[in-house]
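Summary of structural features
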Amino acid sequence: MNTMGISTDPALLQVELSQNLIESPSVSTFMPEEEASIYPLLSSNTNGTITPLTFSHPLTPCIDNDNDSNMSTNLCNEDGKVETSSSSGSSSGIGISVPSDIDASTTLFNKHSYKHLPNNNVIQDTNGHGPNGNIPLPKDTPSFVSWNWPLIRKCTFFVFMSSLLAMCAIVVAMIVTLPNVCNPKTVWYRGNVFYEIFPASFQDSDNDGVGDLRGIAKRIDYLKALGVTAIRLNSVFNSPHYPEDFENVTSLKIIAPYLGDLDDMRQLTRMLHSNNISIILDVPLHPFIKELGESSGGLFNNNSINENADDDQYEITTQRQIVVTKNLITECLQYWLEMGIDGFYVKGLEHVEDIENLPYHLIEWKNLLGMDKVLIIEVGVLSKLSLSQRQLALMHVDLIDVHLDVFAGTSQLEKKLNTLMQSEMRPSKSGVWIHWSLGGVDKIRLTRNQSSVDFTLAATLMQLMLPGTCNIFYGDEIALQAAYDTLNEHIETKHLHHLAVMRWSFNDSLQFTNRETLPWLPKSPDVDFHHLQYIKKMIALRNRSPSIYKNAICKTDAILQNMAIRRSHDDILVIERVYPRRNSFVSISNFGRKGVTMDMTALYYSGIVMLNNSDQKIYFSNFKINAQETIIVRLDK
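Remember, it's a predicted structure, so these values are computed and weren't measured experimentally.

1. Thoughts on the overall build of the chain
On a plain count of helices and strands, the chain comes out with 14 helices and 24 strands. A buried classification covers 42% of the 637 residues belonging to the chain. The long-range share in the chain, meaning contacts at least 24 apart out of those at least 6 apart in sequence, stands at 69%. About 35,000 Å² of surface is accessible on the chain, with carbon and sulfur atoms providing 52% of the total.

In structure tokens, the structure reads:
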């Protein structure tokens, strides 16, 4: 040390040289050509004495470990000695003792001291620390450095997980709400079920013995539970003595006072629409209107109608815009359309004198109604028209009402059904559909006596298997019979006894009228409310099965029937309904008075009986059916 010109006085440096430093086995003395110097920084205290600065050689292997202060103490021991070892023995070290009483802020290796940072103008948090522990930050440090990053990370993680769960919930909800099947759609009046009501006999709301519009509104829950798409009202128009002579209408705009007024009709229409049920009015022309009159829409320019063409080939061209003729019928349709009515069954057209003008009036009426409203006429009207007139009329009519006489026998039913399926009303992509009826205001009741209660159910289930739109007359779903007048006290209304008042279940608090009031017709005998459950299930099955509610299989190059009558003798009627990639169904009806057991394996092998609470498997090798019964079977594929 003397050779370097530096005093080795311990009082000056306050450093004790270790013996092993002097006597190092590797380097005992400095090389002659080497020159080293140490410049300790000295400072004076207030009393004039010199306070030495703690100094450690840069080569000193003293490591300050933030995680383990004991390790740091072990590496830089208290006596200031540093030991070095090397396998080659060529390393050297210098140790300087650090007094324990020196202020930590002036210690060179204090872990919280950073001499390269300014001592003032630092950014600190509320605890007096910087964003990274106790490190003070300069004033020009960006503001985001001092943000609460742990909280930000937690919030970000929470938002991410919440978004992920929300997306999963949306996907699950979409899957749950998807329909079980994707069935082809039809217009609301095609393939569905209508419910025909004689308002005076359905429900009395003011206890005068006659049903009314408000009474029908009180029974909307019943109609909705039944599953019908629309109701038909016949008749609601005023007559001299309603309801006894309801057919002799005096106006097509005035409602019979017994039934209510226009406000009642509006309210009923709104309530039906809110329950997805449409309303159709029967418009009876006979005997109120005897002539249709000349139609301005019938005066066509450059029209071409080939009356000698075949049934499959005819041409009708019209180039003139149709003008609605102002007459009682068109005024009636316009009037009720404004009330929200969804369609009309124009009845009595076969009795008008100028029937040849009917096709042009139908054009006017249908254009007035539009595509979303329904126009219905009776099949008997077509027989009054020529071929060209029929073709023109069918192009502007939506439904053709056809009455089936189920008492004529199964052979006659087969003949009539097959004839209709091959006639001008055969299924087509945009043609007319058939409106099937078994009863009506001018027809005798299906349940004619107590012995034919089951016959009504069998006939109704068979009707609901037919292609087209089905119409159920009120009461047929519970086998309602005609009014029972044993004492002949109502002989003057005997022709109306088939319009007996509706019967409701004894568990229903609301009956047709109160006990103190007599209905306008005598009550009918007991009904069978058990039939109602079968009708509901059959309507639901029809609504969800394209094999039943579709009237044909429409392909690109052909229209194929999806109904076939497989048997029609011995009072047994077998109707089969099919549709591509859907279940096939078959109805077996026994309209006879005896039960039958038969082998039908030539047609079918097995299936599941529908309309029961449990899926009953049957085999057609020994098929049994009771008298006056209809069984609906879903065929095995």
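2. Overview of the packing of aromatic side chains
All chains considered together, the criterion is met by 17 aromatic pairs. With centroids separated by 5.7 Å and ring planes inclined at 35°, the aromatic side chains of Trp 147 and Trp 149 adopt a geometry described as tilted. Exposure remark for Trp 147: the relative accessible area of 47% places this residue in the partly exposed category. Members of the aromatic cluster, joined through ring pairs, are Tyr 195, Phe 202, Tyr 222 and Trp 504.

3. Details of a nonpolar patch on the surface
A surface patch of nonpolar side chains, amounting to about 400 Å² of accessible area, comprises Phe 144, Trp 147, Trp 149 and Ile 152. With respect to the helices, strands and loops of the structure, Trp 149 is situated in helix α4 (residues 149–177).

4. Some remarks on the side chain of Ser 201
Along the chain, Ser 201 falls in the loop between β5 (193–197) and α5 (213–218). Accessibility expressed as a relative area gives 0% for Ser 201, which makes it buried.

5. Observations concerning the environment of Thr 186
Mapped onto the secondary structure, Thr 186 falls in the loop between α4 and β5. Here Thr 186 falls in the partly exposed class, since its relative accessible area comes to 29%. Between the C-alpha atom of Thr 186 and that of Pro 546, which follows or precedes it by 360 residues, the distance is 9.8 Å. The contacts of Thr 186, once residues within four sequence positions are left out, are Trp 433, Tyr 549 and Lys 550.

6. Description of the UniProt feature "transmembrane region" (unreviewed entry) in the chain
According to UniProt, the positions carrying the feature "transmembrane region" (unreviewed entry) are residues 157–178. As annotated, residues 157–178 comprises 95% helix and 0% strand, and the C-alpha atoms at either end are separated by 32 Å.

7. Some thoughts on the packing of helix α9 (residues 358–369) against helix α10 (residues 387–394)
Two numbers describe how α9 lies on α10: the axes approach to 9 Å, and their chain directions differ by 10°. Taken together, the axes of α9 and α10 are roughly parallel relative to one another. Judged by residue contacts, Pro 359, Tyr 360, Leu 362 and Ile 363 of α9 engage Gln 389, Leu 392 and Ala 393 from α10. Of the residues belonging to the contact of α9 with α10, the class tally is six nonpolar, one polar and no charged.

8. Some words on the pairing of strand β17 (residues 563–567)
Looking along a regular strand, one sees the side chains alternate between the two faces of the sheet. In this structure, β17 lies alongside strand β18 (residues 572–577), joined through four bridges in antiparallel fashion. When the sheet's bridge partners are listed, Arg 567 is paired in β18 with Val 574. Counting the residues between successive antiparallel strands, the hairpin from β17 to β18 contains four residues, one of them, Asp 570, with a positive phi of roughly 55°.

9. Focus on the pattern of salt bridges
Think of it this way: side chains of opposite charge can pair up when their charged atoms draw near. Applying the stated criterion across every chain, the model contains 16 salt bridges. Residue Arg 567 pairs with Asp 570 through a salt bridge whose shortest N-O separation is 3.4 Å.

10. Observations concerning the nonpolar core
Tyr 195 and Leu 233 are the most contacted members of the largest nonpolar core, which has 113 residues in total. Per-element accounting of this core gives the leading share, six residues, to helix α12 (residues 453–463). Core analysis: the second largest hydrophobic core is formed by 15 residues, Met 598, Val 609, Phe 620 and Val 633 among them.

11. Brief notes about the packing of α12 against helix α13 (residues 530–544)
Axes are the key here: two packed helices are described by the angle between their axes and the distance separating the axes. α13 packs onto α12 with a crossing angle of 5° between their chain directions and a minimal axis gap of 10 Å. Taken together, the axis directions place α12 and α13 in an arrangement best described as roughly parallel. Here Val 453, Asp 454, Leu 457, Thr 460, Leu 461 and Gln 463 of α12 lie close against α13, whose contacting residues are His 531, Tyr 534, Ile 535, Met 538 and Arg 542. Looking at the contact of α12 with α13 residue by residue, the class counts come to six nonpolar, three polar and two charged.

12. A short note on the sheet that holds β18
One open sheet holds the six strands; their spatial order is β17-β18-β19-β24-β21-β22, and the pairing between them is antiparallel. Because the sheet does not close on itself, it has two edges, and the strands there are β17 and β22 (616–619). The mean inter-strand angle of the sheet, taken between neighbouring strand axes irrespective of direction, is 30°. As paired elements, strand β21 (residues 606–609) and β22 share four bridges and run antiparallel to each other. Bridge pairing in β22 links Val 609 to Gln 616.

13. Re the side chain of Arg 503
Relative to the helices and strands, Arg 503 resides in the loop between β14 (469–473) and α13. A distance of 3.2 Å separates a polar side-chain atom of Arg 503 from the backbone oxygen of Pro 525. In contact with Arg 503, not counting residues within four places along its chain, are Ile 478, Leu 480, Ser 524, Pro 525, Asp 526, Val 527 and Phe 529.

14. Let's talk about helix α7 (residues 262–274)
Its 13 residues give α7 an end-to-end C-alpha distance of 18 Å, which sits within 8% of 18 Å, the value for a rise of 1.5 Å per residue. Taken as a whole, α7 has its buried residues at Asp 264, Met 265, Leu 268, Thr 269 and Leu 272. Projected down its long axis, α7 carries its buried residues within an arc of 135°, all on one side. Every exposed residue of α7 that faces more than 90 degrees away from the buried side is listed here: Arg 270 and Ser 274. Looking at the buried side of α7, the elements it contacts are α5, α6 (220–226), β6 (230–233), β7 (278–284) and α8 (328–337). Regarding α7, its N-cap is Asp 261, as a side-chain oxygen of that residue lies 3.2 Å from the backbone nitrogen of Asp 263 further along.

15. Considering the sheet that holds strand β10 (residues 343–347)
With parallel pairing, eight strands are arranged side by side around a closed barrel as β5-β6-β7-β10-β11-β12-β13-β14. Strand-to-strand, the axes of this sheet are offset by a mean angle of 25°, without reference to chain direction. Pairing geometry for β10 and strand β11 (residues 374–378), over three bridges, is parallel. Residue pairing for β11: Tyr 345 is matched across the bridge by Ile 376. Packing of α13 onto the sheet brings it into contact with β5 and β14, and relative to β14 it is tilted by some 165°.

16. Concerning the confidence of the model for the chain
Mean pLDDT over the chain: 82, with 74% of residues reaching 70 or higher. Here residues 32–51 scores under 50 on pLDDT; set against residues more than four positions off or in separate chains, the count is 13 contacts.

17. Describing α8
Three- or four-residue spacings in an α-helix give side chains the same orientation, since the helix completes a turn every 3.6 residues. Of the positions making up α8, those classed as buried are Ile 329, Thr 330, Cys 332, Leu 333 and Trp 336. All buried residues of α8 lie within an arc of 155° about the axis, which places them on one face of the element. Residues of α8 that are buried make contact with α7, β7, β10 and α9. Where α8 starts, the residue carrying a side-chain oxygen 3.2 Å from the main-chain nitrogen of Ile 329 turns out to be Asn 327.

Each value, and the rule that gives it
- Residues numbered from 1 in each chain as written.
- Predicted model: local features only at pLDDT ≥ 70, side-chain atom pairs only at ≥ 80, totals over all residues.
- Heavy atoms only, no water.
- Helix = DSSP H or I, 4+ residues; strand = E, 2+ residues; numbered from the N terminus.
- Buried < 20%, exposed > 50% of the residue type's maximum accessible area, 1.4 Å probe, protein only.
- Contact = heavy atoms within 4.5 Å.
- Areas by Shrake-Rupley, 256 points an atom, 1.4 Å probe, with all protein chains shown as cover.
- Phe/Tyr/Trp six-rings, centres within 6.5 Å; stacked < 30°, edge-to-face > 60°.
- Patch = residues over 30% accessible without salt bridge, like charges linked within 9 Å, V, L, I, M, F, W, Y side chains within 5 Å.
- Salt bridge = Lys/Arg side-chain N within 4 Å of Asp/Glu carboxyl O.
- UniProt positions renumbered as here; feature names shortened; annotations may be inferred.
- Axes fitted to C-alpha atoms, helices over the stretch in contact; angles between N-to-C directions.
- Parallel < 35°, antiparallel > 145°, perpendicular 65-115°, else oblique.
- Nonpolar A, V, L, I, M, F, W, Y, C, P; charged D, E, K, R; others polar.
- Pairing = 2+ DSSP bridges.
- Core = buried A, V, L, I, M, F, W, Y, C linked by side-chain atoms within 4.5 Å.
- Polar contact = N/O pair within 3.5 Å; in protein donor to acceptor, adjacent residues only side chain to side chain.
- Expected span 1.5 Å × (residues − 1).
- Arc of directions from axis to C-beta.
- pLDDT = per-residue confidence, 0-100.

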